[in-house]
Amino acid sequence: MAEKRRGSVADHHVTKLLGSSDTRRHSEQHSGGTMVGWTEAERRAIRYVWEKIEVDVVGPQAVASVLIVYPWTQRYFGAFGNLSSVSAILNNSKVAEHGKTVLNSLGLAVKDLDNIKSTYAKLSEFHSEEVNVDPDNFRLLADCITIVIATKLGSAFSPDVQAVWQKFLDVVVSALSREYH
């Protein structure tokens, strides 16, 4: 019974946080100087999710998930050592550190939602020109981040909150992919 009550309190908090359901929009196309406009409800929802994320847990789990579920992505991580099995990936300190780095970088976007494109300009250039990462991998990582967050937040990651979070990650993916266009 207590579990049910907690869920309804979380749902109430999220509904209050988001306001009306008009925040459930699809991602806008990102071009020009400003990538996307954010409603105040969307800004609150993004901050709400970010405040609940444990970078040291979510980051490593998300990067490990990409490497496990999409094994071809391992080709970009040759310097990480042994990635030959699920156990090796989950226990790899370089995977964990990269996950923390990725999530900390995401925190920069949360802090400056109006300048995500410029926040990721150098990182986009690096991944495009130095590492030659296929930009589709950014989407795969964003999906894994969303899945890990959903497992951690449970009912607090309602459909409305998830839609806003995915819009945010779409903007980040677009910014990271910019140098590829």
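Preceding this section is the structure that the text describes.
All of the points below concern the structure found in this document. (Residues numbered from 1 in each chain as written. Predicted model: local features only at pLDDT ≥ 70, side-chain atom pairs only at ≥ 80, totals over all residues. Heavy atoms only, no water.)

### Comments concerning the overall build of the chain
Argument step 1. If you tally the helices and strands in the chain, you get nine helices and zero strands.
Argument step 2. For the chain, buried positions account for 44% of its 181 residues.
Argument step 3. Accessible surface, the chain: about 9,900 Å² in total, of which carbon and sulfur atoms supply 53%. (Helix = DSSP H or I, 4+ residues; strand = E, 2+ residues; numbered from the N terminus. Buried < 20%, exposed > 50% of the residue type's maximum accessible area, 1.4 Å probe, protein only. Areas by Shrake-Rupley, 256 points an atom, 1.4 Å probe, with all protein chains shown as cover.)

### Points about the nonpolar core
Argument step 1. Grouped together as the largest cluster of nonpolar side chains are 49 residues, with contacts concentrated most on Leu106, Ile116, Ile145, Trp165 and Phe168.
Argument step 2. When residues of this core are traced back to their parent elements, those giving at least two are α2 (40–52), α3 (55–69), α5 (93–111), α8 (136–153) and α9 (159–177).
Argument step 3. In contact with Leu106, not counting residues within four places along its chain, are Trp50, Tyr120, Ile145, Trp165, Phe168, Leu169 and Val172. (Core = buried A, V, L, I, M, F, W, Y, C linked by side-chain atoms within 4.5 Å. Contact = heavy atoms within 4.5 Å.)

### Description of the pattern of salt bridges
Argument step 1. Going through the model one piece at a time under the given rule, you end up with six salt bridges.
Argument step 2. Among the ionic pairs, Glu42 bridges to Lys167, the shortest N-O distance being 3.0 Å. Taken as a pair, Glu42 in helix α2 and Lys167 in helix α9 lie far apart in primary sequence, 125 residues in all. Comparing Glu42 with Lys167 shows no difference in burial state: the two are buried.
Argument step 3. Note that Glu97 and Lys100 form a salt bridge whose closest N and O atoms lie 3.3 Å from each other. Placement of both Glu97 and Lys100 in helix α5 is noted, with a separation of three residues, approximately one turn of the helix.
Argument step 4. The partly exposed category is assigned to Lys100, whose relative accessible area is 22%.
Argument step 5. Within this structure, Arg139, Asp143 and Asp170 form a network of salt bridges that share partners. (Salt bridge = Lys/Arg side-chain N within 4 Å of Asp/Glu carboxyl O.)

### Focus on the environment of Val49
Argument step 1. Take Val49: it is sitting in helix α2.
Argument step 2. Along the sequence, Val49 and Ile149 sit 100 residues apart, while their C-alpha atoms lie 8.3 Å from each other.
Argument step 3. Apart from the residues within four sequence positions on either side, Val49 is in contact with Ile149, Leu153, Phe157, Val161 and Trp165.

### Things to note about the environment of Gln61
Argument step 1. With respect to the element layout, Gln61 can be found in helix α3.
Argument step 2. Owing to a relative accessible area of 33%, Gln61 belongs among the partly exposed residues under this scheme.
Argument step 3. Sequence separation between Gln61 and Val95 is 34 residues; the distance between their C-alpha atoms is 8.9 Å.
Argument step 4. Residues within four places of Gln61 in sequence aside, it is in contact with Val148 and Lys152.

### Details of the packing of α8 against α9
Argument step 1. The geometry of α8 relative to α9 is characterised by a closest axis approach of 10 Å and an angle of 155 degrees between their N-to-C directions. By the angle between their axes, α8 is roughly antiparallel relative to α9. For the crossing formed where α8 meets α9, the hand is right-handed. Between α8, through Phe138, Arg139, Ala142, Ile145, Thr146 and Ile149, and α9, the contact on the second element is made entirely by Gln162, Trp165, Gln166, Leu169, Asp170, Val173, Leu176 and Ser177. (Axes fitted to C-alpha atoms, helices over the stretch in contact; angles between N-to-C directions. Parallel < 35°, antiparallel > 145°, perpendicular 65-115°, else oblique. Left-handed = near helix turned anticlockwise from the far one by under 90°.)

Purely geometric numbers; function is a separate question.
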